[in-house]
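# Structural overview for review
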Amino acid sequence: MSTNPIGIFDSGVGGTSIWKEIQLLLPNENSIYLADSRNAPYGPKGKNAIIDLCVKNTEYLLKLNCKLIVVACNTATTNAIDYLRQTYNIPFIGIEPAIKPAALQTKTNAVGILATEGTLSSELFSKTSNLFASHILVVEQNGNGIVELIESGKLYSPEMESLLHLYLEPMIKANIDYLVLGCTHYPYLIPLLTDILPNHVRIIDSGEAVAKQTKSILTQNNLLNQKIITTKHFFFTNGDPAILKSLLGQEHHVEPKQF
């Protein structure tokens, strides 16, 4: 069981930012990554549809004998992870925006959060925000259009630059000193964001924390791969394989699949 792969799924290619952090921390682990690009973004679809998509992805990964599943999508986590944990007898790692560290560390008492509609409107985000950030100004921004541009290979494009300027200006005016990224696609924006934001603004995403939590849960369940083997990583997408490959690097094979 310990040599079985870690399963990771996302509404597209963004969760590869999480996969990279997990591989960095756990280089002995095999993995299978599922990019549900055909259905990206999950945000506007509503809770029941999101749960259905997560069930489909989970069952696909279970057939491939995954020992743990990382829900590498903020919207999927906030809407579906409770259902998944109640339904399947396997550990699930979820992702939520890192509002807590930003709220605890801010000096200007203002933080920005760039996230999807599905995350910002979720109960989990609301609960976390009320718990840790009720005493500060939180400038929320729905990142409409960002996922679609990344999924269509337009990460570095004039359209993306225009959108980011539009979304960040109110945050800059509010004097934020932390920007929380609430979508696993968004770490790929960091070079663009740092060009637009003032130098004192720190950007926080959840990747490293998710990798640490994955290691912790594998350790608790005696599932860490202790064998020295050549690791295998499989990447499946129901979208354009070239876009996934462009984010992973040419050394990784991406297989088109219908799921």
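Our subject is the structure that appears above.
Residues numbered from 1 in each chain as written. Predicted model: local features only at pLDDT ≥ 70, side-chain atom pairs only at ≥ 80, totals over all residues. Heavy atoms only, no water.

## Comments concerning the packing of aromatic side chains
For clarity, the threshold we go by: Pairing of aromatic rings covers Phe, Tyr and the six-membered ring of Trp, with a centre-to-centre limit of 6.5 Å; geometry is then stacked below 30 degrees between planes, edge-to-face above 60, and tilted otherwise. Accessibility here uses a 1.4 Å probe with only protein chains present; expressed as a share of the type maximum, an area under 20% marks a residue as buried, one over 50% as exposed, and anything in between as partly exposed. Put simply, a charge is over a ring when the Lys NZ or the Arg CZ is close to the ring centre, within 6 Å, and near the line of the ring normal, within 35 degrees.
Tallying each qualifying case throughout the model produces 6 aromatic pairs. Between Tyr-88 and Phe-92 the ring centres are 6.4 Å apart and the planes differ by 55°, which places this aromatic pair in the tilted class. Looking at Phe-92, the relative accessible area reads 5%, which means it is buried. Residues Phe-234 and Phe-236 carry aromatic rings whose centres are separated by 6.5 Å and whose planes lie at 20° to one another, so their mutual orientation is stacked. On the accessibility criterion, Phe-234 (40% relative accessible area) is partly exposed. Feature note: the residues Tyr-60, Phe-234, Phe-236 and Phe-259 constitute an aromatic cluster, connected by ring pairs. The cationic tip of Lys-257 hangs over the ring face of Phe-236; the distance from NZ or CZ to the ring centre is 5.2 Å.

## Considerations on empty space enclosed by the protein
Applied cut-off: Residues are said to line a cavity or pocket when one of their atoms sits within 4 Å of a point; the points come from a 1 Å grid over protein atoms alone, cavities being sets where a 1.4 Å probe fits but cannot get out and pockets being open sets with protein on both sides within 12 Å along at least five of seven lines. Grid points are joined across faces, edges and corners, and a volume is the space filled by probe spheres set on the points.
In the structure shown here, the tally under the stated rule is 2 cavities of 30 Å³ or more. Of the pockets and cavities examined, the largest cavity occupies roughly 60 Å³. Along the walls of the largest cavity sit Asp-10, Ser-11, Pro-41, Tyr-42, Gly-43, Cys-73, Asn-74, Thr-75, Thr-116, Val-147, Cys-183 and Thr-184, which together make up its complete lining. As for the second largest cavity, its lining consists of Ser-17, Ile-18, Asn-74, Ile-95, Leu-181, Cys-183, Thr-184, Pro-187, Asp-205, Ser-206 and Gly-207.

## Remarks on the sheet that holds strand E6 (residues 137-142)
Using the following cut-off: Each pair of strands is called paired provided DSSP finds at least two bridges between the two strands. By the criteria applied, helices consist of DSSP H or I runs no shorter than four residues and strands consist of E runs no shorter than two, each listed in order from the N terminus. Comment: axis = line fitted to C-alpha atoms, over the contacting stretch for helices; angle = value between 0 and 180 degrees taken between N-to-C directions.
As summarised here, the arrangement of the 4 strands in space is E6-E5-E7-E8, forming an open sheet in which the pairing is parallel. Two strands in the sheet have a free side with no partner beyond their single neighbour: E6 and strand E8 (202-204). Strand-to-strand twist in this sheet, taken as the mean axis angle between neighbours without regard to direction, amounts to 20°. Taken together, the 6 bridges between strand E5 (residues 110-115) and E6 define a ladder with parallel strand orientation. Each residue of the ladder has a partner; that of Leu-114, found in E6, is Gln-141.

## Description of helix H6 (residues 123-133)
What counts, and what does not: Working definition: the arc comes from the directions between the helix axis and the C-beta atoms, pointing outward to the latter. Note on contacts: a residue pair qualifies if any of its non-hydrogen atoms lie within 4.5 Å across the two residues.
Listing the buried residues of H6 in full gives Phe-125, Thr-128, Ser-129 and Ala-133. Along the axis of H6, the buried residues cluster in a sector spanning 100°; they form a single face. Opposite the packed face of H6, turned more than 90 degrees from it, sit the exposed residues Glu-123, Lys-127, Asn-130 and Leu-131. Buried-residue contacts for H6 involve helix H4 (99-105), E5, helix H5 (117-120) and E6.

## Focus on the packing of helix H2 (residues 47-63) against helix H3 (residues 74-87)
This is how it is decided: With respect to orientation, any angle under 35 degrees is reported as roughly parallel, any angle over 145 as roughly antiparallel, any angle of 65 to 115 as roughly perpendicular, and every other angle as oblique. By the definition used in this description, the sense in which the near helix is turned from the far one sets the handedness, with an anticlockwise turn below a right angle giving left-handed and a clockwise turn giving right-handed. Three categories are distinguished: nonpolar for Ala, Val, Leu, Ile, Met, Phe, Trp, Tyr, Cys and Pro, charged for Asp, Glu, Lys and Arg, and polar for the others, with Gly belonging to the last.
Look at H2 against H3: their axes get within 9 Å of each other, and the N-to-C directions meet at 70°. In terms of their interaxial angle, H2 and H3 are classed as roughly perpendicular. For H2 against H3, the interelement crossing comes out right-handed. Between H2 and H3, the contacting residues are Lys-47, Ile-50, Ile-51, Cys-54, Val-55 and Thr-58 on the first element and Thr-75, Ala-76, Thr-78, Asn-79, Ala-80, Tyr-83 and Leu-84 on the second. Classifying every residue of the contact of H2 with H3 gives 8 nonpolar, 4 polar and 1 charged.

## Concerning unusual backbone geometry
Residue Pro-41 is bonded to the preceding Ala-40 through a cis peptide linkage, with omega at -5°. By the secondary structure assignment, Pro-41 is in the loop between strand E2 (31-35) and H2. The residue Asn-175 is not glycine, and still its phi comes out positive at about 65°. Mapped onto the fold, Asn-175 is located in the loop between helix H8 (158-173) and strand E7 (178-182). Phi is positive for Asn-222, which is not a glycine, with a value near 55°. Within the secondary structure, Asn-222 sits in the loop between helix H10 (207-220) and strand E9 (233-237).

## Some points on the layout of surface pockets
One number sums up the size of the largest pocket: a volume of about 380 Å³. In this structure, the largest pocket is lined by 15 residues; those nearest its centre are Thr-77, Thr-78, Ile-81, Asp-82 and Leu-124. Broken down by secondary-structure element, the contributors of at least two residues to the lining of the largest pocket are H3 and H6. For the lining of the largest pocket, a count of residues per class yields 4 nonpolar, 5 polar and 6 charged. The space that makes up the second largest pocket amounts to roughly 210 Å³. What lines the second largest pocket is a set of 16 residues, and nearest its centre among them are Glu-96, Pro-97, Ala-98, Ser-206 and Ala-209.

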